[in-house]
Amino acid sequence: MEYNGTVKEDGITNEQQLTVSNLKPVEANERSLSFDEVILLTKEVPLLNAETHEKVNVEDIKAGTSVTVFLIPEPITTRSLPPQIPGNSILKILVSKK
């Protein structure tokens, strides 16, 4: 499933994660998830420029950047606050220009 959101905090290299706000499905259905805030664990997840599909480093992604996140149909999420989605539930992340 495809989701759109906004990066809340600059990407963190050593933790390989992105904090994203307002992660909402592009096409909602009864099984869709949405998050006011969520941490995406990006280890081994393709981070790509939305226009060129070239690789993007997590530390180059800044707060305010729009992202499109592709998740597996039933992604794993933690019950922590904010919830976390591990990399094995994330197919890819497309990063738009800020």
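Along each chain, residues carry numbers from 1 onward, in the same order as the chain's sequence is written. Whole-chain, interface and lining totals are the exception, using all residues; otherwise, since this is a predicted model, local features are given only for residues with pLDDT of at least 70 and side-chain atom pairs are given and counted only at 80 or more. Processing note: side-chain calculations cover all non-hydrogen atoms of the structure and skip hydrogens and water entirely.

### Some details on the sheet that holds strand S2 (residues 17–25)
What counts, and what does not: If DSSP finds at least two bridges between two strands, the strands pair. Secondary structure elements are defined from DSSP: runs of H or I of at least 4 residues count as helices, runs of E of at least 2 residues count as strands, and each element is numbered from the N terminus.
In space, the seven strands of this open sheet follow the order S4-S7-S5-S1-S2-S3-S6, with mixed pairing throughout. Edge strands, defined here as strands with exactly one partner in the open sheet, are strand S4 (47–49) and strand S6 (84–85). With five bridges joining them, strand S5 (residues 66–71) and strand S7 (residues 90–95) adopt antiparallel strand pairing. Bridge pairing links valine 67 to valine 95 in S7.

### Structural notes on the packing of aromatic side chains
This is how it is decided: The pairing test for Phe, Tyr and Trp rings, Trp by its six-membered ring, is centres within 6.5 Å, and the orientation test on the planes gives stacked under 30 degrees, edge-to-face over 60, and tilted for anything in between. When the NZ atom of lysine or the CZ atom of arginine is within 6 Å of a ring's centre and also within 35 degrees of its normal, the charge is said to sit over that ring.
One pass over the full model with this rule turns up zero aromatic pairs. Taking the ring centre of phenylalanine 70 as reference, the NZ or CZ of lysine 92 above it sits at 4.9 Å.

### Regarding the pattern of salt bridges
Side chains bearing opposite charge may pair, as long as their charged atoms lie close to each other. Note the cut-off: A pairing counts as a salt bridge when a side-chain nitrogen of Lys or Arg comes within 4 Å of a carboxyl oxygen of Asp or Glu. Residue exposure (1.4 Å probe, protein chains only): buried if accessible area is under 20% of the type maximum, exposed if over 50%, otherwise partly exposed.
Tallying each qualifying case throughout the model produces two salt bridges. For lysine 8, the salt bridge goes to glutamate 37, with nearest N and O atoms at 2.7 Å. With a gap of 29 residues between them, lysine 8 in the loop between strand S1 (2–7) and S2 and glutamate 37 in strand S3 (residues 35–41) connect regions that are remote in the sequence. Lysine 8 gets classed as partly exposed once you look at its relative accessible area, which sits at 42%. Residue classification places glutamate 37 among the partly exposed residues on the basis of a relative accessible area of 26%. We note a salt bridge from aspartate 36 to lysine 24, for which the minimum N-O separation is 3.6 Å. With a gap of twelve residues between them, aspartate 36 in strand S3 and lysine 24 in strand S2 connect regions that are remote in the sequence.

### A closer look at unusual backbone geometry
Between leucine 81 and the following residue, proline 82, the backbone shows a cis peptide bond with an omega angle of -5 degrees. As for its position among the elements, proline 82 is in the loop between S5 and S6. Positive phi values are uncommon outside glycine, yet asparagine 22 reaches one of about 50 degrees. By the element assignment, asparagine 22 lies in strand S2. For asparagine 22, a relative accessible area of 44% puts it in the partly exposed group.

### Focus: the side chain of serine 21
Short version of the rule: Any pair of residues with heavy atoms lying within 4.5 Å of one another is described as a contacting pair.
Secondary-structure assignment places serine 21 in strand S2. Serine 21 has contacts with Gly5, Thr6, Lys8, Phe35, Asp36 and Glu37, leaving out every residue within four places of it along the chain.

### Overview of the environment of aspartate 10
Its location among the elements puts aspartate 10 in the loop between S1 and S2. Sequence-wise, aspartate 10 and phenylalanine 70 are 60 residues apart; in three dimensions their C-alpha atoms are separated by 20 Å.

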